[in-house]
Amino acid sequence: TTGVKGSSQETGIPGIYKNPSNPYLMTTDWDWSIDPAGLKYCCREITSRYALPVIISENGLGAFDKKEEDGRIHDPYRIKYLKEHLKSLAEALDEGCQVLAYCT
């Protein structure tokens, strides 16, 4: 996508899949859905269907960061994103999912 929030188009291959936006979820600057509950759902689905451990190889938040006067990037939005996803992941673990790795 362009990085302009709200500019993405529905993608996919007709008859195979599509990637529509979900009006009930927040999105990143690149219009990717932010869905901590979806992470838990996927872990539960893989555990239930395949009885396999899960490795989450990428789950970070891309954003337009701004360097402040102190030379640092203050990103409470990214901290919130990771915190909410880790809370959902902890719930999945409590429900019996085996997660071997979580990489942002």
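Just above sits the structure.
Conventions adopted
- Residues numbered from 1 in each chain as written.
- Predicted model: local features only at pLDDT ≥ 70, side-chain atom pairs only at ≥ 80, totals over all residues.
- Heavy atoms only, no water.
- Helix = DSSP H or I, 4+ residues; strand = E, 2+ residues; numbered from the N terminus.
- Rg over C-alpha atoms; globule rule 2.2 N^0.38 Å.
- Buried < 20%, exposed > 50% of the residue type's maximum accessible area, 1.4 Å probe, protein only.
- Contact = heavy atoms within 4.5 Å.
- Areas by Shrake-Rupley, 256 points an atom, 1.4 Å probe, with all protein chains shown as cover.
- Lys, Arg positive; Asp, Glu negative; His and termini not counted.
- Charge placed at Lys NZ, Arg CZ, Asp CG, Glu CD.
- Patch = residues over 30% accessible without salt bridge, like charges linked within 9 Å, V, L, I, M, F, W, Y side chains within 5 Å.
- Salt bridge = Lys/Arg side-chain N within 4 Å of Asp/Glu carboxyl O.
- Expected span 1.5 Å × (residues − 1).

### Section: the overall build of the chain
Phase 1 of the analysis: Summing up its helical and strand segments, the chain has two helices and six strands in all.
Phase 2 of the analysis: Beginning at the N terminus, the succession of helices and strands in the chain can be written as β-β-β-β-α-β-α-β.
Phase 3 of the analysis: Computed over C-alpha atoms, the radius of gyration of the chain comes to 16 Å, more than 25% over the 13 Å expected from 2.2 N^0.38 for 104 residues, which places it beyond the range of a compact globule.
Phase 4 of the analysis: Principal-axis analysis of the C-alpha atoms places the extent of the chain at approximately 50 × 40 × 20 Å.
Phase 5 of the analysis: With 104 residues in all, the chain has 21% of them scored as buried.
Phase 6 of the analysis: For the chain, contacts bridging at least 24 residues in sequence account for 56% of all contacts bridging at least 6.
Phase 7 of the analysis: Looking at the chain as shown, the accessible area adds up to about 7,900 Å², and 55% of this sits on carbon and sulfur atoms.
Phase 8 of the analysis: Both charge centroids of the chain, one from 12 positive and one from 15 negative side chains, sit 2 Å from each other.

### Here's the deal with a nonpolar patch on the surface
Phase 1 of the analysis: A surface patch of nonpolar side chains, amounting to about 330 Å² of accessible area, comprises Ile13, Ile16 and Tyr17.
Phase 2 of the analysis: Position of Ile16 among the secondary structure elements: in the loop between strand S1 (11-13) and strand S2 (17-19).

### Regarding helix H1 (residues 36-50)
For an α-helix, the turn length of 3.6 residues means that residues three or four places apart are oriented alike.
Phase 1 of the analysis: Between the first and last C-alpha of H1 there are 21 Å, a value that for 15 residues agrees with the 21 Å anticipated at 1.5 Å per step.
Phase 2 of the analysis: Buried residues of H1: Pro36, Gly38, Leu39, Lys40 and Cys43, and no others.
Phase 3 of the analysis: At the C-terminal side of H1, Ala51 shows a positive phi close to 55°.

### Brief notes about the environment of Glu10
Phase 1 of the analysis: Relative to the assigned elements, Glu10 resides in the segment before S1.
Phase 2 of the analysis: Taking the C-alpha atoms as reference points, Glu10 and Pro20, ten residues apart in sequence, are found 5.2 Å from one another.
Phase 3 of the analysis: Apart from the residues lying within four places of it in its own chain, the contact partners of Glu10 are Lys18, Asn19 and Pro20.

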